[in-house]
Amino acid sequence: MDEKGSRVLVLEGQGCRFEFDRAAGTFSILTGGRYIFKDAVGRVLLSKRGGPVSLTTSGTWDTVAHTGKEVALVKREDWGRLLFRARARGKALTVELGLTWEEAGEPPGIEAVIPLDVPPGGTWPGRESNRSWRFYQNGWQCWTATGTLKRRRPGDYLFVLFTPKRLKPMLANTATPVSSEKGRFTGEWFGGLADLDTDESVVVGFTGVSRALSQVSVRIGGKPSGCELEAAARFEGKPPVSGIEFWGEPLAIIPGDLSGRNLEEYAELVAEEQGVGELRRSPAGWCSWYQYFRNVTSEGVEKNLELLSDRYRGLDIELVQVDDGYQKELGDWLETSPGFAGGMKRLADEIASRGKMPGIWVAPFTVMRRSRLFKEKKDWVLRSKKGRPVLAGVNPMWKWRFYGLDLTHPEVLDWLREVFTTLKGYGYHFFKLDFLACGLLEGKRYDPSVTRAEAARRALAVIREAVGEDSIIMTAGCPILLGTGIFDIQRIGPDVAPYWRAFYQPLIRDRSTPSTRNCLINTFTRCFMHGRLWEADPDCLLVRGSEISLDEAERRTLASGVAMLGGAFMISDDLSLWGPEEEELAGCLLPPLRTRPFCPDLWRREVPRYMVNRLEDPGGAYFLVWAVNWSGSRRSMKMRLSELGVGPGRYHVSEFWTGIYLGVTADDIKVDGVPGHGSAVLRLTPVSDEPRLVGSNIHISQGAAELGSLDRASDGVALALKSRVKRKAVITLAIPGAESVIARDDKGPLSTEHLGQSVHRVQFELDGLKEIRLSWQENDSGGVRE
Ligand code: 9PG
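Definitions and cut-offs
- Residues numbered from 1 in each chain as written.
- Predicted model: local features only at pLDDT ≥ 70, side-chain atom pairs only at ≥ 80, totals over all residues.
- Heavy atoms only, no water.
- Near = heavy atom within 4 Å.
- Polar contact = N/O pair within 3.5 Å; in protein donor to acceptor, adjacent residues only side chain to side chain.
- Areas by Shrake-Rupley, 256 points an atom, 1.4 Å probe, with all protein chains shown as cover.
- 1 Å grid on protein atoms, 1.4 Å probe; cavity = no way out; pocket = protein on both sides within 12 Å on 5 of 7 lines; lining within 4 Å.
- Sits in = over half its atoms within 2 Å of the grid points.
- Helix = DSSP H or I, 4+ residues; strand = E, 2+ residues; numbered from the N terminus.
- Nonpolar A, V, L, I, M, F, W, Y, C, P; charged D, E, K, R; others polar.
- pLDDT = per-residue confidence, 0-100.
- Contact = heavy atoms within 4.5 Å.
- Buried < 20%, exposed > 50% of the residue type's maximum accessible area, 1.4 Å probe, protein only.
- Pairing = 2+ DSSP bridges.
- Axes fitted to C-alpha atoms, helices over the stretch in contact; angles between N-to-C directions.
- Patch = residues over 30% accessible without salt bridge, like charges linked within 9 Å, V, L, I, M, F, W, Y side chains within 5 Å.
- Salt bridge = Lys/Arg side-chain N within 4 Å of Asp/Glu carboxyl O.
- Lys, Arg positive; Asp, Glu negative; His and termini not counted.
- Charge placed at Lys NZ, Arg CZ, Asp CG, Glu CD.
- Phe/Tyr/Trp six-rings, centres within 6.5 Å; stacked < 30°, edge-to-face > 60°.
- Lys NZ or Arg CZ within 6 Å of the ring centre and 35° of its normal.
- Arc of directions from axis to C-beta.
- Parallel < 35°, antiparallel > 145°, perpendicular 65-115°, else oblique.
- Left-handed = near helix turned anticlockwise from the far one by under 90°.
- Core = buried A, V, L, I, M, F, W, Y, C linked by side-chain atoms within 4.5 Å.

Caption draft 1: Representation of the site of the ligand. In the vicinity of the ligand there are 14 residues, among which Tyr290, Asp323, Asp324, Lys432 and Asp495 approach most closely. The contact in question runs from an oxygen atom of the ligand to an N or O atom on the side chain of tryptophan 143, over 3.3 Å. Contacts to the ligand include aspartate 323, whose side-chain N or O atom sits 2.7 Å from an oxygen atom. Protein burial of the ligand: of its 450 Å² of free accessible surface, 90% is covered by the chains. Under a 2 Å grid-point criterion requiring more than half of the atoms, the pocket assigned to the ligand is the largest pocket. When residues of the shell around the ligand are traced back to their parent elements, those giving at least two are helix H3 (289-292) and strand S26 (391-395). Looking at side-chain class alone, the shell around the ligand contains seven nonpolar, one polar and six charged residues.

Caption draft 2: A look at the confidence of the model for the protein chain. Confidence in the prediction of the protein chain, expressed as mean pLDDT, is 96, and 98% of residues score 70 or more. Residue range residues 782-786 is modelled with pLDDT below 50. Its contacts to residues more than four positions away, or to other chains, number 15 contacts.

Caption draft 3: Just the side chain of serine 298, in detail. Following the sequence through the fold, serine 298 ends up in helix H4 (residues 298-309). Given the relative accessible area of 11%, serine 298 is considered buried. Contact partners of serine 298, with chain neighbours within four places excluded, come to Gly339, Phe340, Arg346 and Leu347.

Caption draft 4: Highlighting helix H10 (residues 516-525). For H10, a buried count of ten out of ten residues is recorded, marking the element as mostly surrounded by other parts of the structure. Contact partners of the buried residues in H10: strand S11 (133-137), strand S12 (147-150), helix H9 (504-507), helix H11 (552-565), strand S33 (610-617) and strand S34 (620-628).

Caption draft 5: How the structure looks around the sheet that holds strand S37 (residues 661-665). The sheet built from five strands is open, its strands ordered S33-S34-S39-S36-S37 with antiparallel pairing. On the outer flanks of this sheet lie S33 and S37, each paired with one strand and no other. Geometrically, the sheet is characterised by an average inter-axis angle of 25 degrees between neighbouring strands, direction not taken into account. As judged from the six bridges shared by S34 and strand S39 (residues 679-686), these two strands associate in the antiparallel manner. Among the inter-strand pairings, leucine 624 is bridged to a residue of S39, identified as arginine 683. The sheet contacts of H11 involve S33, S34 and S39, and relative to S34 the element is tilted by about 140 degrees.

Caption draft 6: Structural context of a nonpolar patch on the surface. Taken together, Phe162, Phe503, Leu507 and Ile508 make up a surface patch of nonpolar side chains, about 490 Å² in accessible area. For phenylalanine 162, the location among the structural elements is in the loop between S12 and helix H1 (168-171). Classification of phenylalanine 162 by relative accessible area gives exposed; the value is 54%.

Caption draft 7: Representation of a positive patch on the surface. Taken together, the side chains of Arg166, Arg369, Lys375, Lys378, Lys386, Arg388 and Arg401 present a region of like positive charge at the surface. Along the polypeptide, lysine 386 turns up in the loop between helix H6 (372-376) and S26. Assessed through its relative accessible area of 79%, lysine 386 is described here as exposed.

Caption draft 8: Spatial organisation of the packing of aromatic side chains. This structure, assessed with the given rule, holds 38 aromatic pairs. Taking the centre distance of 4.6 Å and the plane angle of 50 degrees together, the rings of tryptophan 398 and phenylalanine 435 count as tilted. Taken together, the positions of tryptophan 398 in the loop between S26 and strand S27 (400-404) and phenylalanine 435 in the loop between strand S28 (430-433) and helix H8 (452-467) put the pair 37 residues apart, joining distant regions of the chain. The residues tryptophan 398 and phenylalanine 435 share a single accessibility class, namely buried. Put simply, the rings of Trp143, Trp333, Trp361, Trp398, Phe402 and Phe435 pair up and form one aromatic cluster. Against the face of tyrosine 35 rests lysine 38, its NZ or CZ located 5.3 Å from the ring centre. Across from the ring centre of tyrosine 622, 3.6 Å away, lies the NZ or CZ of arginine 683, which sits over that ring.

Caption draft 9: Broad picture of helix H5 (residues 344-353). Every buried residue of H5 is listed here: Met344, Leu347, Ala348 and Ile351. Seen along its axis, H5 keeps its buried residues to an arc of 100 degrees; they face one direction. Packing partners of the buried residues in H5 comprise H4, strand S21 (319-322), strand S23 (332-336), strand S24 (357-362) and helix H7 (410-426). The positive-phi residue at the C-terminal boundary of H5 is glycine 355, with phi of around 80 degrees.

Caption draft 10: View of the packing of H7 against H8. Two elements in contact, H7 and H8, have axes whose closest approach is 8 Å; the angle formed by their N-to-C orientations is 30 degrees. Considered as vectors, H7 and H8 are oriented roughly parallel to each other. The element H7 and its partner H8 pack so that their crossing is right-handed. Side by side, H7 and H8 meet where Leu413, Leu416, Arg417, Phe420, Thr421 and Lys424 of the first sit next to Ala459, Val462, Ile463, Ala466 and Val467 of the second.

Caption draft 11: The arrangement of the nonpolar core in detail. Judged by nonpolar contacts, the single largest core of 158 residues is most densely connected at Trp189, Leu416, Phe420 and Leu433. Here this core gets nine residues from one element, more than from any other, and that element is H8. Grouped together as the second largest cluster of nonpolar side chains are 53 residues, Trp61, Trp101, Phe206 and Ala233 included.

Here you go:
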């Protein structure tokens, strides 16, 4: 039999193998000769008049195409054809299921296309124990708790079942069932399984997000033989067109280790599928929300604009964004509240006249009963089958209930176009879109043949068209992958707040409502999305020392998180509360790092502790490691190099917040006395024969941002350093072979300190740019002496 005629069709990818059994209609995926998924099927769920019908791939298939990179198959049925294809894409394998309806009469609605349904025991078959299995669970909105869960956790561990019903639609996809059963988990769009015993993981996720909402669910169970997995894209009853191929969303299966790399690969595949081009760098900005909340006024904004343009112009903040509170009512975006009597155009002009980019917050799919929109356009509001407006949520800040718009209504799209064209016309070039899940509630729509995802994507495309490609769109409350390819910036966690943790949060295990802690946890667990799908927003930075209940350690932890993520950078303080300390704290974060960090303990900890950036300064590459002490008390933090994902070697270690040089290590790092909720930010510089900067207090990057150049001279080195704020700079250098050094700037000698071995510390005043020179006498040994 030729290849096409053989019973099992095989596709070899980089690192994984796909086998389709044409006689059984089942398929398997293997890596390194071992099964990941064995004897899986695909299914399509139809809604027929007589009740739901499930079509499965079980049965006999014909080969349509079989090349080195792709397999395509067809199964003939009395109603038409079932279609299947698999492709090798880099380290991933993608599978797709579809159908062609050929029967006379109206085609049935498609409820779900399930390209992967793994039977009990078909996941990592034959393993003795699943005690060390973990599931990575991705939440619905940016705000929804996300992370890796232990097998014995109940399915509602991250999103508790008793969350009040009226809060749910903003935090969860209400169509996704939540279970309290142990080990039953569902991730929106994707999920991942890991086996900590074997250092293996597999990411399963839909790469298409524009046609259907989707989930990956597992039931890990007590034994490996009970583990089930299913990936379903929900088409919500959308009918196919007779005689035309209807494909579900493509699903990627990506085997990997515990480094998190396959999650990055998943994000890259989604970006590719959604046509994401080069990502735009977001401007460093100021936002009104976390200081003024709903009490914001144009006066308050102007006061801060003045400070940013004058006293703090050195910080070079480029954007001023007005948040919630300027509008008359939720829904009436072109009418202003009493605090903005001068109108939003005048304010945009004011901001632009100071050379800053004007930014504005809008919740375009949200409406409240009080608004003119609600009263005048009753049929624009999404309603239930009974005709009642569907509750989207309650918000204490808004007093209370809010609703969503029907985005399939053509007049709603016209209105969105008008609102955003007008705001753009006022001069706004930065749009923070919020509460977008209000457009995806379950209800009865004007056009029922459009899925929720399609309706929302279409509306977002209208907004993008209205504001133009030259505007920046940031979203806060948005179902996390939905806007990929349309937005520039997406928030990845709950709101930050002027406090660490709300009293009720530990009581109800809440990780989704506002608090600095909740905000930072998702920054770790979703950091792989940043710089791949869009630029991620960790939420605002609060540095003020007054009108806040974050202590110094907590503010530094927030600052470390915002800096380490390397995404959006927005300050949300009343700058008139600032003194020299606040200026210095903000100054050491600017310019913002533009990096893509990884979280080396993502699979091993429900609340990860480490985030790592690979950085470079003119002396070469180094690592920056952020470690958080989540406990409330002062602790020593001990970490092994091997758990940081930095690779073996010998490193100089310097901590940023304390300025301590910790010496050279090849295995453990111990940082003493990290305050409760505090952080260590460590520069790990590989030991080498060349002079290197190994620590600095100028910028949190400890080199990448502040070291402009490092050049060898005949008798030493010359370094150029820069800072956006005036400060007493302290830098630490490793100079192999130098027992004593002389340092000077253009004015004269600088104070130096020998820290032992060949490590020296230099102190000087820095304001803007400075060149310093170091000279020394070589001793014979060279290199670092033990
Ligand atoms: C403005 C704010 C800010 C903030 C957004 C978003 O569940 N809730 O009641 C809830 C209220 C506000 C909220 C998130 C959740 O914050 O993330 O940056 O723009 O809206 O109202």
